[in-house]
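# Understanding the architecture of this molecule
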Amino acid sequence: MAPGPKVLEALQRAESVPGEKGPVYEALLANIKELMSPETAIDDLNAVADSFFGQSLGVVGTRAVLTAFVETLKQLKNEAMWIEVGNRTLGILASQPSSFLDAAATLCELVATAHENNEDFVEAAKMLAAIPLDSSQRRVTDVERSQIWIRIARNCLEVDDTTTAERYITRAKNLLYCFDKNHEDLKLHFQLCQARIQDANRDFLSASQGYHDVSFSPAVADEERLHTLAMAIKCAILAPAGPRRSRILSRLYKDERSAQLDEFGILEKIFLDRLLRPDEVAKFAEGLQPHQLATTSDGSTVLAKAVVEHNLLAASRVYNNISFEALGGLLGLDAGKAEETTARMIEQGRLVGQMDQVQEIVWFEGSGRTEKVVGTELRRWDANVRGLAEEVENVTSSLSEAFPDFVAANLVV
């Protein structure tokens, strides 16, 4: 479609003006809304760009008109127009001197915003990545660099591209020193991106800590704070059982807001080292993300592995010792898998105990079969027997005093 007649006429007048034409184009752009029609708006703006780039306005004059052109495009607030006109103008700028990098950066951001509004996050990330940040022809502050990198990461995370997102977040991390109290929102976006990346990479303990920190931010709406807190709880539950996880669970359990969430029931049972039932686990799984239900290298899901390890830790609070077969029945595993899981947790320092592979028994909480511990167990047994004998003697004495004839006839010594 060709540009509208009013715009064509205005462009012909601008091109025929002798001398300095820059102010004429700027005046045309200031009046562009009255000149163009909705049907031809995109073609009208493209025609304006072709026209002033085709004139010999000089670098300074072209820069001034280009700045007015970009500002006019921004004010029109039409996403389809931003994408069409913005991409075409960027194509023209690619063949121009590097003196117009500021305008190119603004256009890239404008087109990226349009793609974000249309939920086309891949194209938005590509457009933001095209912004020149390291050219000697354009001064860019560390804060501005971080803003672009974090924005790229956020778009990548919307399409689960954690690899690219992590690359840009790592760049931003090296510039954290430049974030001051005036950039709290930027810090918040960085923390949230980092937590989401850690979550996707199954670093659930770090992700839980990050989500929980974000949930306290006053810059986040109450509903979003609760959602972020729920994510912190989910990640803590999925994390490998052990002391560090216990500390994070304690912090989440003591957070007064946790009681408002659906995840609080399972959080409480895990914090109190209670065994989890299959129906409770199935209900919890309904609220997890696909990557949180992914299959691990040993064929089990992340959730199933976390539940088995938790139930093993809970069993260690109940039993002094248990056979591999009985433990497997408790965990829903065969004896060999129960032995393997227990051995791994003891080796990693996440479970205190010892294993007797000859007798196929695991001893929990230091009740392993060392000479010292066995001696302790025997002394405890002796004390229990002695106490029982003393109680029987007391009962017999009481009976003798109250019913001497009965005792004499029935007591067998």
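Residues numbered from 1 in each chain as written. Predicted model: local features only at pLDDT ≥ 70, side-chain atom pairs only at ≥ 80, totals over all residues. Heavy atoms only, no water.

### Notes on the overall build of the chain
Secondary structure summary: the chain contains 21 helices and three strands in total. Its C-alpha atoms give the chain a radius of gyration of 36 Å, more than 25% over the compact-globule value 22 Å for 413 residues. With the C-alpha coordinates of the chain rotated into their principal frame, the extents come out at 140 × 40 × 40 Å. The buried share among the 413 residues of the chain stands at 44%. Partitioning the contacts of the chain with sequence separation of at least 6, the portion at a separation of at least 24 is 59%. On the chain, roughly 22,400 Å² of surface is accessible, and the fraction owed to carbon and sulfur atoms is 51%. (Helix = DSSP H or I, 4+ residues; strand = E, 2+ residues; numbered from the N terminus. Rg over C-alpha atoms; globule rule 2.2 N^0.38 Å. Buried < 20%, exposed > 50% of the residue type's maximum accessible area, 1.4 Å probe, protein only. Contact = heavy atoms within 4.5 Å. Areas by Shrake-Rupley, 256 points an atom, 1.4 Å probe, with all protein chains shown as cover.)

### Looking at the pattern of salt bridges
Counting across every chain of the model gives 18 salt bridges. The residue Glu-9 makes a salt bridge to Arg-13 at a minimum N-O spacing of 3.2 Å. Of this pair, Glu-9 and Arg-13 both sit in helix α1 (residues 5-16), four residues apart, which is roughly one turn of that helix. When its relative accessible area of 46% is taken as the criterion, Glu-9 is described as partly exposed. (Salt bridge = Lys/Arg side-chain N within 4 Å of Asp/Glu carboxyl O.)

### Focus: the packing of aromatic side chains
This structure, assessed with the given rule, holds five aromatic pairs. Here Tyr-25 and Phe-52 contribute two aromatic rings whose centre-to-centre distance is 6.2 Å and whose plane-to-plane angle is 70 degrees, an arrangement assigned as edge-to-face. With Tyr-25 in helix α2 (residues 22-30) and Phe-52 in helix α4 (residues 41-54), this pair connects stretches of sequence that are 27 residues apart. No difference in accessibility class separates Tyr-25 from Phe-52, as the two residues are buried. Three or more aromatic residues joined by ring pairs form one cluster here, namely Tyr-25, Phe-52, Phe-53 and Phe-69. The positively charged end of Arg-257 is found above the aromatic ring belonging to Phe-216, 4.6 Å away from the centroid. (Phe/Tyr/Trp six-rings, centres within 6.5 Å; stacked < 30°, edge-to-face > 60°. Lys NZ or Arg CZ within 6 Å of the ring centre and 35° of its normal.)

### Here's the deal with the pairing of strand β2 (residues 353-356)
In the sheet, β2 pairs with strand β3 (residues 361-364) via four bridges, with the strands oriented antiparallel. Note that in β3 the partner of Met-355 across the bridge is Val-362. (Pairing = 2+ DSSP bridges.)

### Side note on the sheet that holds strand β1 (residues 321-323)
Ordered by their spatial adjacency, three strands build an open sheet running β1-β3-β2, and the pairing between neighbours is antiparallel. Two strands bound the open sheet, and with one partner strand each, they are β1 and β2. For this sheet, the mean angle separating the axes of adjacent strands, direction not counted, is 20 degrees. The pairing of β1 with β3 spans three bridges and is antiparallel. By the bridge assignment, Ile-322 is partnered in β3 with Val-362. Sheet strands in contact with helix α19 (residues 335-347) are β2 and β3, and its direction is about 140 degrees off that of β2. (Axes fitted to C-alpha atoms, helices over the stretch in contact; angles between N-to-C directions.)

### With respect to the packing of helix α9 (residues 142-158) against helix α11 (residues 184-200)
Contact pair α9 / α11: the axes reach a minimum separation of 10 Å and the direction vectors enclose 40 degrees. Helix-helix and strand crossings are classified by hand; for α9 and α11 the assignment is left-handed. Along the contact surface, α9 presents Val-143, Ser-146, Gln-147, Ile-150, Ala-153, Arg-154, Leu-157 and Glu-158, while α11 presents Leu-186, His-189, Phe-190, Cys-193, Arg-196 and Ile-197. (Left-handed = near helix turned anticlockwise from the far one by under 90°.)

### Things to note about the confidence of the model for the chain
Scored by pLDDT, the chain comes out at a mean of 86, with 95% of its residues at no less than 70. Between the elements of the chain, mean pLDDT differs from a low of 75, seen in helix α20 (residues 371-402), to a high of 95, seen in helix α8 (residues 121-129). In this model, residues 366-374 is a region of pLDDT below 50 whose contacts with residues beyond four sequence positions or in other chains number 13 contacts. (pLDDT = per-residue confidence, 0-100.)

### Quick word on the environment of Arg-167
By the element assignment, Arg-167 lies in helix α10 (residues 162-173). In sequence terms Arg-167 and Trp-149 are 18 residues apart; their C-alpha atoms lie 9.0 Å from each other.

### So, helix α16 (residues 278-285)
Those residues of α16 lying buried are Glu-280, Val-281, Phe-284 and Ala-285. Relative to the axis of α16, the buried residues are bounded by an arc of 135 degrees and lie together on one face. Those residues of α16 that are exposed and angled more than 90 degrees off the buried face are Pro-278 and Lys-283. Packing partners of the buried residues in α16 comprise α13 (222-238), α15 (264-271) and α17 (302-318). (Arc of directions from axis to C-beta.)

### Quick look at the environment of Arg-244
Looking at where Arg-244 falls in the secondary structure, it is placed in helix α14 (residues 243-253). Linking Arg-244 and Glu-401, residues 157 residues apart in sequence, is a C-alpha distance of 60 Å. If we skip the residues at most four places from it in the chain, Arg-244 touches Leu-205 and Ser-206.

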